[in-house]
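# A look at the structure
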Amino acid sequence: MTDGINELLEGLQKGNIRSLARLISKIENDDPQKDEILKKIYKSTGKARVIGVTGSPGAGKSSLVDSITAHLRKKGDTVGIIAVDPTSPFSGGALLGDRIRMQQHAVDRGVYIRSMGTRGSLGGLARSTKEAVKLVDAFGYDWVIIETVGVGQAELDVMHVADTTLVVMTPGAGDSIQTIKAGIMEIADIFVVNKCDLPGADRVVAEIGQMLDLQREHTEWRPPVVKVSTLDDRGLNVLMESVSAHWDYLLVNGRLEENRGAKVRKETLEIVDYRWRGMVDRHLQFDDRASGIINMAASGKKDPYTAAGEILSQVLVNSGQAGDSSAGKGGEIMAILESALQELNGAEGKGGLSEYKSYLHGQAYGLAIALKILFPGPGNYGEKAAMAVRPVITEHSCRCGDQN
Ligand SMILES: Nc1nc2c(ncn2[C@@H]2O[C@H](COP(=O)(O)OP(=O)(O)OP(=O)(O)O)[C@@H](O)[C@H]2O)c(=O)[nH]1
Ligand SMILES: [Mg+2]
């Protein structure tokens, strides 16, 4: 963990919003120290109440989040809002709209608003959104509200981090119950029929009621259906009472712990899956032997099952997980490399000292090369060393050359 990250984590603890924003950016950009950051803050999470708000595009989710936030602020509670915007980073329209509408909270330090956009896959977005929720929670906000357009599996997946999920419907054309994606109906803890100032709201309420009658699993908690208009906040008090009632329901008989426990269980497996897949991907990228095996499978010289088994054993051996006794040595060399890099950072801060700096550069570079030769392969020390050295080398514009 570098000094920079430690400083940001201290900032987070002290309530510095800039530190929170920078940490979320690091998570969003898949920073190599991401796992360390999340590990460090984990014990500070779990205090915030998390509300998910989902529904069709234009249903009034942002307007509703706005109204709920104002309501909570009046009680003195603090609110962190994460708006998931899966649209292309180039369009940015919805994002801007959200920003403008929420301007009334922009100067309020008790409210933090963050949009998460797609950088890579939608799956990546779902993961980084969940991680951002943890950071906002660890920061100490009383509430975290997540807004997402409920159109795809990834957005539904985001909703699983919420303690209470609101599904927003409208009397508008095309938003009748038949057109709503099945998965969305099932995750609702509360249905909000927004825009009840428009005609047809009662029909939507009735349709939702009929659907709930058909579902048998809602025996313990039948999701209430609340009519709201964010234009004049009609129905907002009733909605907030339903949110409270749902919370009380969760607190009875340890349901909250049970729900959160199930989420952590799922999350742990997701992390295992994600890391494992990362190891395999890097292996395929860096190790020619793997592509050789795949080619043999492709040309019918090996069956795909044997080929897959061989590749998996390679991944295990290369990552030093298969009982390689020299792995400990790699750790020691890595530690020397890390202290050289730290020294280099310190020297940079003091300015001057160029000879000493190039000595440290040389040392770091040499150690990284040695680790690369001794411990090759994805996820192993060679790769870790290259990753550790690379930012320093580009930052200090060293001419030693790139690691890979
Ligand atoms: N008549 C009426 N219009 C509303 C109400 N709430 C929101 N709107 C309007 O509906 C439009 C969409 O509102 P948003 O809050 O941006 O909806 P959204 O669901 O966040 O939209 P996306 O994030 O783009 O999916 C805006 O023009 C709002 O002014 C309401 O209660 N009544
Ligand atoms: Mg919105």
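Residues numbered from 1 in each chain as written. Chains lettered and ligands numbered in written order. Predicted model: local features only at pLDDT ≥ 70, side-chain atom pairs only at ≥ 80, totals over all residues.

### Considerations on the overall build of the protein
Condition: Helix numbering and strand numbering both begin at the N terminus, where a helix is a DSSP run of H or I of at least 4 residues and a strand a DSSP run of E of at least 2. For every residue, the other C-beta atoms within 10 Å of its own C-beta are counted; 20 or more classify it as buried, 12 or fewer as exposed, and values in between as partly exposed. C-beta atoms are placed from the backbone. What counts as a contact is two residues whose backbone-derived C-beta atoms lie within 7 Å of each other.
Helices and strands together make up the secondary structure of the protein, namely 17 helices and 7 strands. For the protein, the residues scored as buried account for 35% of the 404 residues in total. When contacts within the protein are restricted to residue pairs at least 6 apart in sequence, those whose partners lie at least 24 apart make up 71%.

### Focus: the nonpolar core
Put simply, the test is: Each nonpolar core consists of buried Ala, Val, Leu, Ile, Met, Phe, Trp, Tyr and Cys residues. Their C-beta atoms, within 7 Å, join them into a set. Segmentation into domains, and thus their bounds, comes from an automatic or database assignment.
Counting residues in each nonpolar core, the largest one holds 62 residues, and the members touching the most others are Ile 82, Val 136, Val 144, Ile 145, Ile 146, Phe 191 and Val 192. Considering every element that reaches this core, the biggest residue donor is helix 7 (residues 122-139), with 8 residues. Shared between two domains, this core holds at least three residues of each, these being domain 1 (1-43) and domain 2 (45-253). For Val 136, the contacting residues outside a window of four places in its chain are Leu 20, Gly 80, Ile 82, Tyr 112, Tyr 141 and Val 144.

### What about the site of ligand 1?
Defined as follows: Proximity of a residue to a molecule or strand is defined by its backbone-placed C-beta atom lying within 6 Å of that partner. Gly is put with the polar residues, along with every residue not named as nonpolar or charged; the nonpolar set is Ala, Val, Leu, Ile, Met, Phe, Trp, Tyr, Cys and Pro, and the charged set is Asp, Glu, Lys and Arg.
Near ligand 1 there are 17 residues, and of these Gly 60, Lys 61, Ser 62, Ser 63 and Lys 195 occur at the shortest range. When residues of the shell around ligand 1 are traced back to their parent elements, those giving at least two are helix 4 (61-74) and helix 5 (93-101). For the shell around ligand 1, the element with the highest residue contribution is helix 4, accounting for 3 residues. Of the residues contributing to the shell around ligand 1, the split by class is 6 nonpolar, 8 polar and 3 charged.

### Overview of the pairing of strand 6 (residues 190-193)
Applied cut-off: Two strands are said to pair when DSSP picks up at least two bridges between them.
The alternating pattern of strand 6 places Ile 190 and Val 192 on one face and Phe 191 and Val 193 on the opposite face, and all of these are buried. As paired elements, strand 5 (residues 164-169) and strand 6 share 4 bridges and run parallel to each other. Residue pairing across strands places Met 169 opposite Val 193, the latter belonging to strand 6. Note that strand 6 and strand 7 (residues 225-227) share 3 bridges and pair parallel. Bridge assignment links Phe 191 to a residue of strand 7, and that residue is Val 225.

### Section: unusual backbone geometry
With a phi angle near 60°, Lys 195 is a residue other than glycine that sits in the positive phi range. On the neighbour-count criterion, Lys 195 (24 C-beta atoms within 10 Å) is buried.

### Here we look at the sheet that holds strand 3 (residues 111-117)
The test is simple: For helices, the fitted axis covers only the stretch in contact; all axes are lines through C-alpha atoms, and the angles between them, taken along N-to-C directions, range from 0 to 180 degrees.
Strand order in the open sheet made by the 7 strands is 3-2-4-1-5-6-7, with parallel pairing throughout. Single-partner strands in this sheet number two, and they are strand 3 and strand 7. Put simply, the sheet's adjacent strands are angled 20° from each other on average, direction ignored. Summarising the sheet, strand 2 (residues 79-85) and strand 3 pair through 7 bridges and their orientation is parallel. Along strand 3, the bridge assignment pairs Ala 83 with Ser 115. In this fold helix 4 packs onto strand 1 (49-55), strand 2, strand 3, strand 4 (143-149), strand 5 and strand 6, with an angle of close to 170° to the strand it touches most, strand 4. Running over the sheet, helix 10 (residues 201-214) touches strand 5, strand 6 and strand 7 and is turned about 175° from strand 7.

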